[in-house]
Amino acid sequence: GAFVDGLFNFSVFLQVTTFEYVDRPFYHYRKTNETAATAGYRKNYMDRQLVLFSKLKKIAQDSGNWDYFAEAYYNRIVHATMEISFNALRSKEGFGQKYHEIKTVLHHPTFREAYRQFSLKHLDIKWGVYFFFIKHSMAFPTYIMSLIILKLKSRGTL
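1. With respect to a nonpolar patch on the surface
At step 1: Taken together, the side chains of F8, V12, F13, V16, F19 and Y21 make up a nonpolar region of the molecular surface, amounting to roughly 720 Å² of accessible area.
At step 2: Residue placement: V12 occurs in helix α1 (residues 4-13).
At step 3: For V12, a relative accessible area of 32% translates into the label partly exposed.

Dropping the structure here:
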């Protein structure tokens, strides 16, 4: 989603000197509400993601550990492309507007920088093909595969 929790966690974890891991869930996500934030279209979603990424990058750089965090930062941006594409497809607009939103994210400089850093070598074939299209800013195949993935996810088969 919006990665607000991730930004908070990252900020906090940079400050702690010790922690304890508890291997037990304390809450569960339940996806039954069709009006939930993850189910509906979110206007200006890419812009909000960019604000979060900017804050995350600044925190990582200010910590003096940018080299350590850079790969995870860029990977998170690449994966956000998928979320932004799904969001575009949830719009009530027609094909042209949805396609434009996907094309916009694929060509945005922040995302392009992340795509250059992203390695496909550890992905299985279906995700490798999908992220190949993203990495190379191929808007129409990204649109089609995002549509297929979103349909499969809604059916619970992915």
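2. Here's the deal with the nonpolar core
At step 1: Formed by 38 residues in total, the largest nonpolar core has its most connected members in Y73, V105, L106, F111, Y115, Y130 and F131.
At step 2: When residues in this core are grouped by element, the largest group, 13 residues, is from helix α3 (residues 66-89).
At step 3: When residues no more than four places from it in sequence are discounted, the contact partners of Y115 are V78, T81, V105, L106, I134, K135 and S137.

3. Description of the packing of α3 against helix α7 (residues 139-155)
At step 1: Contact geometry of α3 with α7 gives a least axis separation of 9 Å together with a crossing angle of 80°. Relative to α7, the element α3 lies roughly perpendicular. Contact residues: S85, F86 and L89 in α3; T142, Y143, S146, L147, I149, L150 and K153 in α7.
At step 2: For the contact of α3 with α7, the residue count by class is six nonpolar, three polar and one charged.

4. Points about the packing of aromatic side chains
At step 1: The tally for this structure, following the rule as stated, stands at 15 aromatic pairs.
At step 2: Geometrically, the ring pair formed by W66 and Y73 is edge-to-face, given 5.2 Å between the ring centres and 65° between the ring planes. Here W66 matches Y73 in class, with each residue buried.
At step 3: Chaining the aromatic ring pairs together yields one cluster made of F53, W66, Y73, Y74, F111 and Y115.
At step 4: The aromatic ring of Y45 is capped on one face by R42, whose charged end is 4.2 Å from the ring centroid.

Calculation rules
- Residues numbered from 1 in each chain as written.
- Predicted model: local features only at pLDDT ≥ 70, side-chain atom pairs only at ≥ 80, totals over all residues.
- Heavy atoms only, no water.
- Patch = residues over 30% accessible without salt bridge, like charges linked within 9 Å, V, L, I, M, F, W, Y side chains within 5 Å.
- Areas by Shrake-Rupley, 256 points an atom, 1.4 Å probe, with all protein chains shown as cover.
- Salt bridge = Lys/Arg side-chain N within 4 Å of Asp/Glu carboxyl O.
- Helix = DSSP H or I, 4+ residues; strand = E, 2+ residues; numbered from the N terminus.
- Buried < 20%, exposed > 50% of the residue type's maximum accessible area, 1.4 Å probe, protein only.
- Core = buried A, V, L, I, M, F, W, Y, C linked by side-chain atoms within 4.5 Å.
- Contact = heavy atoms within 4.5 Å.
- Axes fitted to C-alpha atoms, helices over the stretch in contact; angles between N-to-C directions.
- Parallel < 35°, antiparallel > 145°, perpendicular 65-115°, else oblique.
- Nonpolar A, V, L, I, M, F, W, Y, C, P; charged D, E, K, R; others polar.
- Phe/Tyr/Trp six-rings, centres within 6.5 Å; stacked < 30°, edge-to-face > 60°.
- Lys NZ or Arg CZ within 6 Å of the ring centre and 35° of its normal.

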